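Listed below are the residues making up each chain.
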Amino acid sequence: MSMSRRQRTRAVRGVQYGVLALVVAAVAFGANWGEIRRAFFDLDVAQAQFPDIITTALVNTVVYTLLGFGFGLALGLILALMRLSSVPPYRWLATAYIEFFRGVPALLVFIALGFGVPIAFQVVINQYVTVMLALGLVGAAYMAETIRAGIQAVPKGQVEAARSLGMSQGRAMRSIVIPQAFRIVLPPLTNELILLTKDSSLVYLLGLSLGQYELAKFGRDALNENRSLTPILVAGLCYLIITLPLGHLVRRLEARTAKAR
Amino acid sequence: MSEHKTTAADQKTTAAEEKADEAAIRVEGLHKSFGELEVLKGIDFTVRPGEVVCVIGPSGSGKSTLLRCVNLLEEPTAGTVALSGTELTDPDVDIDRVRRRIGMVFQSFNLFPHLSVLDNLTIAQRRVLGRTKDEARRIGRANLRRVGVSEKESAYPAQLSGGQQQRVAIARALSMEPELMLFDEPTSALDPELVGDVLAVMRRLADEGMTMMVVTHEMSFAREVADRVVFMDGGVIVEEGPPTRVIGDPQHQRTRTFLSRVLDPAAASVTEAGTEAEAEAEAETGAAATEGDALRG
């Protein structure tokens, strides 16, 4: 039996829709909707989360993330410049740092800073400082590689033009190369901010007081309290409040970069 | 020339001071290698103050490298480069201080894309010369007028045509008030209809008495504007002299071959019955030589 090309296309598409309809039907009739609604969509439980989940948890998540991102960005820039240094030991140090912190789980870094350092050195570190260091140390390793790629993506002619105007190497770097490099790496850096937002959930390890709860910890406590998954869903949606606009921003920035080329 | 600018570099060698007034640029025994490849094989030449020198020659002849050695964008392998008596190749000379006295214009413009046109002109004035914002803007605007792109001062480079970008690049270099301007194939990246504006600006600059060294393929510009034409091939200066001689009546076979290709590329490729790439590679074949003679006669 031979089919025309159009018939074949139609048949393939028909089968795909058929499979989809079967799966939807199986879920619709097979699932226990009463249980699911109780577990995930308990409106009373959901309402009880507000306003604290926004005023405390969401705000703390943003604060932790920004602390870590700010520190990580500064350290990442230093590491990127070290990677490009003409002094070999700087390059080795930066490479070692980047390889180490990209290779170990962020969880370990949090444990080391949250418990290891205070025990080993008998010091008390401010909670926010710990968060900033832990998130920043990990983020810096990723950001360093991104920034280095950005610096290298700035055309060589830019440095030559700057130098031919009498700028020193450092001045050319600061005034000409780095501003352009940051434009180039804005989309990947925003992606890094999204990843850090999610990594900020690891803060729960440090043992937080109520006012320091961030979204994940907040949701988990409410889960224990209410024996309902609803708070987790609400917390998840709150993360999306942060990450979806950022993701949208990345796409717009990428489109702008693509147009500028 | 340099009495009002008392930089440490200027006072460098007293012996060289005497040369200061006779040569804007003095290049002696210049060699440059990139790894195994020797691009410049011993270059000696001078540019006098106020002189316009055009450097011509086939691609790969080393003319751009020579230009880039003059402001040390390329570090010479051997030999010396002196600017009004200041020896740039001396390791103790602060090259950043010397470079601000040499303007450079690139084939690919190299404007700073993240800065507006006016900021392109002011950034080095402010960061390198320490001029105030107002002063830098005043000088920048004056130079934009000079090259005829005043109305674009708040535009970004990407919004300009190639010809406008190159004229802004010239204005940027002029804003540093250099003693000398280097042009590295300034019109090679331009659409043909935009070349004229840039050449006009350069011509005016030459008329105003600017010392200029221009690497170019624009033979009519070289013929009309240059005081002296230098023909390079294979990393050496083959021939130099006034344009009427080097372009009008070349003494060397290699110069004649090159000129015949540049002045009448269509005829060259037809006679060679080959692709342009081949034609370029076989710069010294017999066929090419006959052509050169034909053109001369």
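Residues numbered from 1 in each chain as written. Chains lettered and ligands numbered in written order. Predicted model: local features only at pLDDT ≥ 70, side-chain atom pairs only at ≥ 80, totals over all residues. Heavy atoms only, no water.

Scanning chain B from N- to C-terminus turns up 13 helices and ten strands. The buried share among the 297 residues of chain B stands at 54%. Taking the intrachain contacts of chain B between residues at least 6 apart in sequence as the baseline, contacts between residues at least 24 apart amount to 64%. Total accessible area on chain B is roughly 12,800 Å²; 47% of this is exposed by carbon and sulfur atoms. (Helix = DSSP H or I, 4+ residues; strand = E, 2+ residues; numbered from the N terminus. Buried < 20%, exposed > 50% of the residue type's maximum accessible area, 1.4 Å probe, protein only. Contact = heavy atoms within 4.5 Å. Areas by Shrake-Rupley, 256 points an atom, 1.4 Å probe, with all protein chains shown as cover.)

Looking now at the packing of aromatic side chains. The description of an aromatic ring pair uses the distance of the two centres, along with the angle that the planes make with each other. As enumerated under the stated definition, the model contains four aromatic pairs over all chains in all. When the ring of Y97 of chain A is compared with that of F101 of chain A, the centres are 4.5 Å apart and the planes differ by 35°; the resulting orientation is tilted. Separated by four residues within a single helix, Y97 of chain A and F101 of chain A lie in helix α5 (residues 88-103), roughly one turn from each other. By the burial criterion, Y97 of chain A is buried, and F101 of chain A matches it. Plain terms: the ring middles of F100 of chain A and F101 of chain A are 5.1 Å apart, the flat faces sit at 80° to each other, and that makes the pair edge-to-face. What links up through ring pairs into an aromatic cluster is the set Y97, F100 and F101 of chain A. A cation over a ring is seen here: K32 of chain B above F34 of chain B, with NZ or CZ 4.9 Å from the ring centre. The ring of F112 of chain B carries the charged tip of R172 of chain B above its face, separated from the ring centre by 4.5 Å. (Phe/Tyr/Trp six-rings, centres within 6.5 Å; stacked < 30°, edge-to-face > 60°. Lys NZ or Arg CZ within 6 Å of the ring centre and 35° of its normal.)

Moving on, we get to a nonpolar patch on the surface. Among the surface-exposed residues, F40, F41, L229, I232, L233, L237, L240 and L244 of chain A lie close enough to one another that they form a single nonpolar patch of about 670 Å² accessible area. When residues of the nonpolar patch are assigned to their parent elements, the largest contribution, five residues, is made by helix α11 (residues 230-260) of chain A. (Patch = residues over 30% accessible without salt bridge, like charges linked within 9 Å, V, L, I, M, F, W, Y side chains within 5 Å. Salt bridge = Lys/Arg side-chain N within 4 Å of Asp/Glu carboxyl O.)

Residue and element names in this part refer to chain B. The antiparallel open sheet is built from four strands, whose spatial order is β2-β1-β4-β5. Here the strands that pair on one side only, and so sit at the sheet edges, are β2 (37-47) and β5 (86-87). When strand β1 (residues 25-34) meets β2, the two strands line up antiparallel, connected through eight bridges. Note on β2: the bridge partner recorded for K32 is L40. (Pairing = 2+ DSSP bridges.)

The subject of this paragraph is the UniProt feature "domain: ABC transmembrane type-1" (unreviewed entry) in chain A. Mapped onto this numbering, the UniProt entry annotates "domain: ABC transmembrane type-1" (unreviewed entry) at residues 58-250 of chain A. Across residues 58-250 of chain A one finds 82% helix and 0% strand; the C-alpha atoms that close the span lie 21 Å apart. (UniProt positions renumbered as here; feature names shortened; annotations may be inferred.)

What follows concerns the side chain of T216 of chain B. Residues and elements named next belong to chain B. In this structure, T216 sits in the loop between β8 (211-215) and α8 (219-225). For T216, a relative accessible area of 2% translates into the label buried. At a separation of 2.9 Å, a polar atom in the side chain of T216 contacts the main-chain amide nitrogen of E218. Ignoring sequence-local partners within four residues, the contact set of T216 consists of C54, V55 and I56. (Polar contact = N/O pair within 3.5 Å; in protein donor to acceptor, adjacent residues only side chain to side chain.)

Time to look at the packing of helix α6 (residues 162-174) of chain B against helix α7 (residues 192-207) of chain B. All names here are of chain B. Interhelical geometry of α6 versus α7 gives an angle of 20° and a closest axis separation of 8 Å. The angle between α6 and α7 falls in the class roughly parallel. In the packing of α6 onto α7, the handedness of the crossing is right-handed. Counted together, G162, G163, Q166, R167, I170 and L174 of α6 and L194, D197, V198, V201, M202 and L205 of α7 form the full contact between these two elements. Looking at the contact of α6 with α7 residue by residue, the class counts come to seven nonpolar, three polar and two charged. (Axes fitted to C-alpha atoms, helices over the stretch in contact; angles between N-to-C directions. Parallel < 35°, antiparallel > 145°, perpendicular 65-115°, else oblique. Left-handed = near helix turned anticlockwise from the far one by under 90°. Nonpolar A, V, L, I, M, F, W, Y, C, P; charged D, E, K, R; others polar.)

What follows concerns the interface of chain B and chain A. Reports of interface size often rely on the accessible area that becomes lost once the parts have come together. Counting residues at the interface gives 21 residues for chain B and 18 residues for chain A. Between chain B and chain A the total buried area reaches about 1,700 Å² when both faces are included, carbon and sulfur atoms providing 61% of it. The largest per-residue losses of area from chain B upon contact with chain A belong to D96, F112 and H114 of chain B, which jointly make up 32% of the total buried on that side. For the interface between chain B and chain A, the tally reads two salt bridges. The partner of E160 of chain A in a salt bridge is R68 of chain B, with the nearest N and O atoms 2.6 Å apart. Taken together, the links from chain B to chain A amount to six residue pairs in polar contact (both at pLDDT 80 or more). (Buried area = accessible area lost by both parts, 1.4 Å probe.)

Take the side chain of T257 of chain B next. Within the element layout of this structure, T257 of chain B appears in helix α10 (residues 253-263). At a separation of 2.8 Å, a polar atom in the side chain of T257 of chain B contacts the main-chain carbonyl oxygen of Q253 of chain B.

Turning to the sheet that holds strand β10 (residues 236-241) of chain B, a few remarks are in order. Residue and element names in this part refer to chain B. Pairing within the open sheet is mixed, and its six strands lie in the order β6-β7-β8-β3-β9-β10. Each edge of the open sheet carries a strand with a single partner, namely β6 (102-105) and β10. This sheet shows a mean twist of 15° between the axes of neighbouring strands, independent of strand direction.

Moving on to the pattern of salt bridges. For the coordinates displayed, the defined rule picks out 20 salt bridges over all chains. Close ionic contact of E179 of chain B with R101 of chain B constitutes a salt bridge, the shortest N to O distance being 2.6 Å. On the criterion of sequence distance, the pair formed by E179 of chain B in the loop between α6 and β7 (180-184) and R101 of chain B in the loop between α3 (95-99) and β6 is long-range, its members being 78 residues apart. Salt bridges linked by common partners bring K156 and E160 of chain A together with R68 and E74 of chain B together as one network.

It is worth spelling out unusual backbone geometry at this point. All names here are of chain B. Within the chain, F109 stands out as a residue other than glycine whose phi angle is a positive 65°. When you line up the elements, F109 lands in the loop between β6 and α4 (117-127). Given the relative accessible area of 10%, F109 is considered buried.

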